[in-house]
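Commentary on secondary and tertiary structure
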Amino acid sequence: MRACVLTWGCQLNVHRSEEIEGVLERAGFRIVDRPEDADVVILNTCMVRKRAEDKVVGRVGELARLKRKGVLIGVGGCMAQGRKEELFKICPGIDFAFGTSDISLLPELIERARAGERPAHFPAPVTLEPLPVRRRSTFSAYVTVAEGCSCACAYCIVPFVRGPLRSRPLADILDELVGLAAAGYKEVTLLGQNVDAYGMDLKDGTDFALLLRKVSKLPIPRVRFTSSHPAYMREETIAAIAQGQNICEHVHMAVQSGSDRILAAMGRGYTREDFLKLVERLRTEIPGVNITTDVIVGFPGETEEDFQETLSLIEEVKFGTVYVAAYSPRPYTRAARLPDSVPREEKARRLKEVLELTRKNGLELHRRRIGEIVEVLVEGYLPEKGMYYGKTRDFRTVLFSGEEELVGQIVEVRVEAASPGAMEGSLVKERIA
Ligand code: SF4
Ligand code: F3S
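Residues numbered from 1 in each chain as written. Chains lettered and ligands numbered in written order. Predicted model: local features only at pLDDT ≥ 70, side-chain atom pairs only at ≥ 80, totals over all residues. Heavy atoms only, no water.

Helix and strand counts for the protein chain stand at 13 helices and 19 strands. A compact globule built from 433 residues would reach a C-alpha radius of gyration of about 22 Å, and the protein chain, at 22 Å, matches this within 12%. With respect to the principal axes defined by its C-alpha atoms, the protein chain has extents near 60 × 55 × 50 Å. When the 433 residues of the protein chain are sorted by exposure, 53% land in the buried category. Taking the intrachain contacts of the protein chain between residues at least 6 apart in sequence as the baseline, contacts between residues at least 24 apart amount to 72%. Charge separation in the protein chain, taken as the distance between the mean sites of 61 positive and 62 negative side-chain charges, equals 3 Å. (Helix = DSSP H or I, 4+ residues; strand = E, 2+ residues; numbered from the N terminus. Rg over C-alpha atoms; globule rule 2.2 N^0.38 Å. Buried < 20%, exposed > 50% of the residue type's maximum accessible area, 1.4 Å probe, protein only. Contact = heavy atoms within 4.5 Å. Lys, Arg positive; Asp, Glu negative; His and termini not counted. Charge placed at Lys NZ, Arg CZ, Asp CG, Glu CD.)

So, in structure tokens, the structure goes:
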């Protein structure tokens, strides 16, 4: 049997797809890239916004034509966990469904679907399951350090679909990382919905700073981590990032709003001033750190004045980039009980303004780097540009003319041009690591 896994959502979910593929491969499936080549297509979904769900529904509709050839369609992940049995009504064409945990049961569910049942499996995500991984990259790896989240941000569905915080034991994570170092991986990204909360549930003194200190001793050239939470980022963590030679100078830390009133309504646990102080600490301790963020516009009750405070915060901090989303009410959440007061067109206008400001700031930041020589981990080829691309240590995209054998290598590039989303340059040194 051939299986194809399609993915929506965050990096944790991208990595979860690598685990789904690992489980299927272990059961004898062959993994293919295109649904057309598969006997079973699995959609690993996201529920963070309504748009994410709409995309999945649309894709299931498109895949219906494959069903005539006997292909099985299964939907799993966050949307499945959130919608449960209702999913079979939302996506009538599907043959089986599963949630965010107990993934090892997947081959059995597929077997039952083949026999004509429409099996569904949505146990509450309360445990941590060690799963085999089929890695898609040979040089950059995701490693989950914690599943779920025990915060209660008013708009967020994650705790409901991914369960409470469950941190992996430090020794397990280090074992995996030692294996990746031995296999020659150049980059690892430590994943958690709130990585700064790592270890809080273990109650053995393990915390994220300790994890970073241990990881900084391993022969992996680049270590990244995401996402950070402003209310959970501690001094010890900042010191561990600053002192760890291989810990990259990039912190992705969601601010969500620049207005204290909205931050309080969201239940984020910090004020605008707390956030600005944290940014200052990070910039003092970690020279050149790139701080990127997430912002929600149009949260219930967000006035024009609140929104202007978000814009002014973005301008003041000069984030490396801002991932902005228009608020949409999510089931189960506290905010879903509030009136969705900001009209759709107004949300769209605010979204556009944030995007414009982000582009302006991106261009300024990138222009300032012209003339610099930067270290780039080459990720691949961009056919529409006819150039190779990769990332600097501080998570900026760099385009340059190169060759296939440089993919997966760390090279040096001289920056010669800038655009809002990337820098362009030419190769100076072919290989550093
Ligand atoms: Fe959601 Fe992040 Fe808040 Fe957790 S910390 S509830 S994942 S927004
Ligand atoms: Fe989406 Fe689930 Fe990630 S809701 S953002 S895929 S944890």
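Next comes the rest of the description.
With that out of the way, let us pick up the packing of aromatic side chains. Following the criterion strictly, the structure yields 7 aromatic pairs and no others. Ring centres of F96 and F98 lie 6.5 Å apart, and the angle between their planes is 15°; this geometry places the pair in the stacked category. Residue F96 is classed as buried on the basis of its relative accessible area, which comes to 0%. A relative accessible area of 3% means that F98 is categorised as buried. Where F299 meets Y327, the ring centres are 5.4 Å apart and the plane angle is 70°; that geometry is what we call edge-to-face. In this pair, F299 is assigned in the loop between strand 13 (290-297) and helix 12 (304-317) and Y327 in the loop between strand 14 (322-326) and helix 13 (344-367), connecting sequence segments 28 residues apart. An identical accessibility class is assigned to F299 and Y327; each is buried. The structure contains a cluster of three or more aromatic residues connected by ring pairs, namely Y270, F275 and F319. (Phe/Tyr/Trp six-rings, centres within 6.5 Å; stacked < 30°, edge-to-face > 60°.)

Turning to the site of ligand 1, a few remarks are in order. Neighbouring residues of ligand 1: C149, C151, C153, Y155, C156, V158, P159, Q193, H229 and R268. Split by residue class, the shell around ligand 1 holds 7 nonpolar, 2 polar and 1 charged. (Near = heavy atom within 4 Å. Nonpolar A, V, L, I, M, F, W, Y, C, P; charged D, E, K, R; others polar.)

Now for helix 9 (residues 235-243). The complete set of buried residues in helix 9 reads T237, I238, A239, A240 and I241. The inward-facing, buried residues of helix 9 abut helix 8 (208-215), strand 11 (222-226), strand 12 (250-252) and helix 11 (272-285).

What follows covers the packing of helix 1 (residues 11-26) against helix 5 (residues 106-114). One way to put it is that helix 1 packs onto helix 5 with a least axis distance of 9 Å and a crossing angle of 70°. It follows from the interaxial angle that helix 1 and helix 5 lie roughly perpendicular. Two secondary-structure elements touch here, helix 1 through I20, V23 and L24 and helix 5 through L106, P107 and I110. Here the contact of helix 1 with helix 5 is built from residues that sort into 6 nonpolar, no polar and no charged. (Axes fitted to C-alpha atoms, helices over the stretch in contact; angles between N-to-C directions. Parallel < 35°, antiparallel > 145°, perpendicular 65-115°, else oblique.)

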